[in-house]
Amino acid sequence: MSDRASAESATRRPARIARGGWLDVLRFAAGALIILYHFREAAPLPLGQIHPVFDRGFLLTNFFIIDSGYVLARIYGERLASGGMDVGAYARQRLLRVFPAHLVVIAGLAALVAAAALAGVQPSNPQWFDWAQLPAQALLVQAYGVPGGVGWNAPTWTLSALIGCYLLLPWICRALWARPWATTLAAVGLLLAADFASRFWLGDPGLRPLK
């Protein structure tokens, strides 16, 4: 490739990004608001009465995952697509970024609930601390139909979904880099098929307009 072609190729590529920028600030803000959303009904005044936006916190989960996917694709996408990065090493890196802190928090919460029970103090909402729900949350598999999304550290449903996105990213990047338009159309078709299946089997649309 000539120097001119190399320069033109470099010009067409977006500038490389690194962690710690505004995109990470947005993810932190979205994560904090997701936690606030999960405690909206437990507040002294239900937050939905302050503003309807607090009842739409599920949109923050969508934003958080989209933002995370964009950041990771910009940082790792080309190397994952070309095979320049080992998929196993990438997966270990992603899992180690999430699981240690998650396990510390969930273990601390379980220990607190157990200690309170031994002291004869019951939680004000005992249905949120069903021990049968805990294993799925500890393993972060509750986003995939495994009972465990109710109570305890409920916002970890987002982490559970994010783990799946992390593990799929290498193959998504390979498909996007090879056939971007075909992959985009396939993703749209999959989304519409999921909406149809949800309407047909559950009677609840996966896609609905905001009111």
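Since this is a predicted model, take the numbers as computed values, not measurements. (Residues numbered from 1 in each chain as written. Predicted model: local features only at pLDDT ≥ 70, side-chain atom pairs only at ≥ 80, totals over all residues. Heavy atoms only, no water.)

Caption draft 1: Fine view of the overall build of the protein chain. Scanning the protein chain from N- to C-terminus turns up 8 helices and 0 strands. Secondary structure elements of the protein chain occur, N-terminal to C-terminal, as α-α-α-α-α-α-α-α. Looking at the 211 residues of the protein chain, the share that counts as buried comes to 26%. Here the contacts in the protein chain between residues at least 6 apart in sequence split such that 53% fall between residues at least 24 apart. Of the roughly 14000 Å² that the protein chain leaves accessible, carbon and sulfur atoms contribute 70%. (Helix = DSSP H or I, 4+ residues; strand = E, 2+ residues; numbered from the N terminus. Buried < 20%, exposed > 50% of the residue type's maximum accessible area, 1.4 Å probe, protein only. Contact = heavy atoms within 4.5 Å. Areas by Shrake-Rupley, 256 points an atom, 1.4 Å probe, with all protein chains shown as cover.)

Caption draft 2: Fine view of the packing of helix H7 (residues 156-178) against helix H8 (residues 180-202). Between H7 and H8, whose axes approach to 5 Å, the crossing angle comes to 125 degrees. For the element pair H7 / H8, the angle class is oblique. Residues Ala175, Leu176, Trp177 and Ala178 of H7 touch H8, and the partners they reach there are Pro180, Thr183 and Thr184. (Axes fitted to C-alpha atoms, helices over the stretch in contact; angles between N-to-C directions. Parallel < 35°, antiparallel > 145°, perpendicular 65-115°, else oblique.)

Caption draft 3: Region of interest: the side chain of Ser160. By the element assignment, Ser160 lies in helix H7. Residues contacting Ser160, with those up to four places away along its chain left out, are Leu140, Val141, Gln142, Ala143 and Tyr144.

Caption draft 4: Quick peek at the layout of surface pockets. Approximately 660 Å³ is the volume attributed to the second largest pocket. Taken together, the elements giving at least two residues each to the lining of the second largest pocket come down to helix H2 (22-38), helix H4 (58-82), helix H5 (87-118) and H7. Along the lines of polarity and charge, the residues of the lining of the second largest pocket split into 12 nonpolar, 6 polar and 3 charged. (1 Å grid on protein atoms, 1.4 Å probe; cavity = no way out; pocket = protein on both sides within 12 Å on 5 of 7 lines; lining within 4 Å. Points joined across faces, edges and corners; volume = space filled by probe spheres on them. Nonpolar A, V, L, I, M, F, W, Y, C, P; charged D, E, K, R; others polar.)

Caption draft 5: Up close: unusual backbone geometry. Even without being glycine, Leu140 reaches a positive phi, approximately 55 degrees. Along the chain, the position of Leu140 falls in the loop between helix H6 (134-139) and H7. Of note, Trp152 is a non-glycine position whose phi angle comes to about 45 degrees, a positive value. Mapped onto the fold, Trp152 is located in the loop between H6 and H7.

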